[in-house]
Number of protein chains: 2
Amino acid sequence: MAIQHPYLLFLGDAPDQLAAKTAQGIAHWRPEWCVGQLRLDGCKANLGLTDMTLEEGRAAGAKTLVIGVANRGGVFSEAWISLLERALLLGYDLAAGLHNRLIDVPVLKAAAAQHGRQLFDVRHPAREFDVATGRKRPGKRLLAVGTDCSVGKMYTALAMEKEMKARGMKVDFRATGQTGILIAGQGVSIDAVVADFISGAVEYLSPANDADHWDIIEGQGSLFHASFAGVSLGLLHGAQADALLLCHEPTRAHMRGLPDYKLPALEACMEANLAAARLTNSAARFVGIAVNTSQMDKAEVEGYLRGLEDDFGLPAVDPFASGVAPLVDRLGQP
Amino acid sequence: MAIQHPYLLFLGDAPDQLAAKTAQGIAHWRPEWCVGQLRLDGCKANLGLTDMTLEEGRAAGAKTLVIGVANRGGVFSEAWISLLERALLLGYDLAAGLHNRLIDVPVLKAAAAQHGRQLFDVRHPAREFDVATGRKRPGKRLLAVGTDCSVGKMYTALAMEKEMKARGMKVDFRATGQTGILIAGQGVSIDAVVADFISGAVEYLSPANDADHWDIIEGQGSLFHASFAGVSLGLLHGAQADALLLCHEPTRAHMRGLPDYKLPALEACMEANLAAARLTNSAARFVGIAVNTSQMDKAEVEGYLRGLEDDFGLPAVDPFASGVAPLVDRLGQP
């Protein structure tokens, strides 16, 4: 069941811009879905959208109030709850990607039931999944994999979808994390699925499709991340990827959250992903490398990317800086 | 929190011996914990233990009634529920490894609360886990890995524990599946953990220990099983295994439940497990191969095992047929 748009983006009392990064991602990738922003007193984030009250948002057509900000200390304050309850009364659905659930707040659960509204806790799967079958299904699939967590897999996947849509290709972004789900309006928070069903959930997320249709599947974690590699492998197997993109951030000193673990060499990372991918799709191949160069010395970026292209015989780009056109070009080449 | 023993094993109305295989595993590996069996009219399973009523079991010292049989159609019948309720009244805790939970049966939940008894639904984790840290912890660890599901990983691990105990070594079996948990009295049903916490749950299950202590960790699934490999990889990383045992069933035509997937070559399976294991323990190595030869032509077994030893330079045994002494010998060798 998809989250209804347009959205009004709730920024709450965000202490800084970073706290509203979920809302920022939504406004960046789905500007046409966002009628405005709602900020409480003291909010330090600003997406540059029109500030609106709940009533103004409804008048502008908003169907869902999206909580695009972290709640301080992981608790819902009284101010939030009374506003969210009023939103339900006014006809909004609510969507949030927080650790704690809207549905667990009794007054919100009651108000949603009373007014016939939906609560979307997108970090928590709303259904059960079957065990993966491993059976080949029609349609093409691309998976963004990473040397580490938080290296730009979601951004790269969304940039691919946008470029492919602009070229008139049949394509859908398939979200596997909470921000991606709010951007896509649907998806599965794959790291919250029960372990037995990781691959099965991906088979559900990316079902059979037209032979010339591409699913661009958001990756999670890394096969080389000692905390999360199980999720990454289950995702890789369930995706049955035809095409893989390697995402990388070259300045990182160690794996995210693991000071004792160095990043893998790109070649080892590609080999391990390819070997695992081929269990469920013998034709899997890499089609490019997406590098987050934001922390690099600007003078070194071009040489670094050209070096990767020489080393691996694949296009290497920074999706944020210059787009993903060379990666999409590569999809059509043997 | 451990399940209290001695046990009285409840076989219910098992339609055949196979339906009571959980109870059979417990009686085989923990005979000293099992005071008797309780069978309903029409039960076709028999463990060769003394048949007892609930009252006789209590008189013999039993503290927990263990449901060692599948419930028909996945439902708790009226006959079961009234017996289980009476067990709680008589002072038993209840333990079960079924898909549906004892705690979800209102009359059992109420009776347990009223009489101060515990309900152990061992297929369902009773706690939350942290994300894995990947930090090295003291103590030695062995993990049984497999070419496929259901190739003897639990049996092999328990045989290792038994042989090592007999030699006076410090050792604990660490259970990761429901039957193993009932045999050990504790453990984590690892495939039921939320995906993000697979490796973290294994770090919890196998904590820091004496430098000369071995945890023998029960494996699950296979890196080459398209449905469950994510669980297997998370388990491998969390185990930080010093020693790996490969478990195999040579007559299987395809991966369990996946008619289109062949079993991996042993060499490829060992290489993939070793490469992944070395992410969290660079000293990981294989110490042997455990083969379930029960479906093989008896005349071929000896030649097959000697062939494996020649090919891999490792001891190869059928733990059921001839024990695991050569595998334990190997632990002490460089």
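Quick caveat: nothing in here was measured; it's all calculated off a predicted structure. (Residues numbered from 1 in each chain as written. Chains lettered and ligands numbered in written order. Predicted model: local features only at pLDDT ≥ 70, side-chain atom pairs only at ≥ 80, totals over all residues. Heavy atoms only, no water.)

**Quick notes on the pairing of strand β3 (residues 64–67) of chain B**
Residue and element names in this part refer to chain B.
- Along β3, one buried face is formed by Thr64 and Val66 and the opposite face, lined by Leu65 and Ile67, is buried too.
- Strand direction decides the pairing type here: strand β1 (residues 7–12) and β3, joined by four bridges, are parallel. Looking across to β3, one finds that tyrosine 7 is bridged to threonine 64.
- Summarising the sheet, β3 and strand β4 (residues 93–96) pair through four bridges and their orientation is parallel. Paired with isoleucine 67 across the two strands is alanine 96, which belongs to β4.
- Handedness of the crossover joining β3 and β4 through helix α3 (residues 78–89) is recorded here as right-handed. (Buried < 20%, exposed > 50% of the residue type's maximum accessible area, 1.4 Å probe, protein only. Helix = DSSP H or I, 4+ residues; strand = E, 2+ residues; numbered from the N terminus. Pairing = 2+ DSSP bridges. Right-handed = clockwise from strand over helix to strand, strands pointing away.)

**Section: the interface of chain A and chain B**
- On the chain B side, the residues contacting the 31 residues of chain A number 31 residues.
- Interface area, chain A with chain B, both sides summed: about 2,300 Å², of which 60% is carbon and sulfur.
- For chain A, the biggest contributors to the area lost against chain B are Asp196(A), Tyr261(A) and Leu279(A); these three give 22% of the whole.
- When contributions to the side of chain A that touches chain B are tallied by element, the ones reaching two or more residues are α7 (198–205) and α8 (229–239) of chain A.
- Considering each element in turn, the side of chain A that touches chain B owes the most residues, six residues, to α8(A). (Contact = heavy atoms within 4.5 Å. Buried area = accessible area lost by both parts, 1.4 Å probe.)

**Examining the sheet that holds strand β2 (residues 34–39) of chain A**
Residue and element names in this part refer to chain A.
- One open sheet holds the five strands; their spatial order is β2-β1-β3-β4-β5, and the pairing between them is parallel. Both edges of this open sheet fall to β2 and β5 (119–121), since each of them pairs with a single strand only. Adjacent strand axes in the sheet meet at a mean angle of 20 degrees, parallel and antiparallel pairs treated alike.
- Packed onto the sheet, helix α3 (residues 78–89) meets β1 (7–12), β2, β3 (64–67), β4 (93–96) and β5 and runs at close to 155 degrees relative to β3. (Axes fitted to C-alpha atoms, helices over the stretch in contact; angles between N-to-C directions.)

**Describing the sheet that holds β3(B)**
All names here are of chain B.
- An order of β2-β1-β3-β4-β5 is seen for the five strands of this open sheet, with the pairing classed as parallel. Looking at the sheet topology across the chains shown, the edges are occupied by β2 (34–39) and β5 (119–121). On average, each strand axis in the sheet is inclined to that of its neighbour by 20 degrees, with strand direction left out of account.
- Running at roughly 155 degrees to β3, α3 makes contact with β1, β2, β3, β4 and β5 of the sheet.

**Overview of the relation of the copies chain A and chain B**
- Superposing chain A onto chain B requires a rotation of 180 degrees together with a translation of 0.0 Å along the rotation axis, leaving an RMSD of 0.0 Å. Taken together, the rotation and translation describe the operation of a two-fold axis.
- When the interface residues of chain A are mapped onto chain B, 100% of them again fall at the interface, so both copies present the same face. (Least-squares fit on C-alpha atoms with pLDDT ≥ 70 in both.)

**Considerations on the packing of aromatic side chains**
- Under the counting rule described, the total for this entry stands at 12 aromatic pairs over all chains.
- Between Phe76(A) and Trp80(A), the ring centres sit 6.3 Å apart and the planes meet at 50 degrees, which makes this aromatic pair tilted. There is no split in this pair, since Phe76(A) and Trp80(A) are both buried.
- Taking the centre distance of 5.1 Å and the plane angle of 75 degrees together, the rings of Phe10(B) and Trp80(B) count as edge-to-face. Taken as a pair, Phe10(B) in strand β1 and Trp80(B) in helix α3 lie far apart in primary sequence, 70 residues in all. Summarising the burial analysis for this pair, Phe10(B) and Trp80(B) share the class buried.
- An aromatic cluster of at least three residues, connected via ring pairs, comprises Phe10(A), Phe76(A) and Trp80(A).
- Of note, Arg30(A) hangs over the ring of Trp33(A), and the distance from its end group to the ring centre comes to 5.4 Å.
- Here Arg58(B) stacks its cationic end above the ring of Tyr92(B), 5.7 Å away from the centre of that ring. (Phe/Tyr/Trp six-rings, centres within 6.5 Å; stacked < 30°, edge-to-face > 60°. Lys NZ or Arg CZ within 6 Å of the ring centre and 35° of its normal.)

**With respect to the packing of helix α7 (residues 198–205) of chain B against helix α8 (residues 229–239) of chain B**
Residues and elements named next belong to chain B.
- Orientation of α7 relative to α8, taken along the N-to-C sense of each, is 40 degrees, at an axis distance of 7 Å. In terms of axis orientation, α7 runs oblique to α8. Crossing geometry of α7 relative to α8 is assigned as right-handed. Along its contact with α7, which presents Ile198, Ser199, Val202 and Glu203, the element α8 presents Gly230, Val231, Gly234, Leu235, His237, Gly238 and Ala239. (Parallel < 35°, antiparallel > 145°, perpendicular 65-115°, else oblique. Left-handed = near helix turned anticlockwise from the far one by under 90°.)

**Here we look at helix α4 (residues 106–115) of chain A**
Residue and element names in this part refer to chain A.
- Those residues of α4 not exposed but buried are Leu108, Ala111 and Ala112. One side of α4 carries all its buried residues, which in axial view fall inside an arc of 100 degrees. Of the residues in α4, the exposed ones pointing more than 90 degrees away from the buried face are Pro106, Ala113 and Gln114.
- One or two steps after α4, the chain reaches glycine 116, where phi turns positive at roughly 65 degrees. (Arc of directions from axis to C-beta.)

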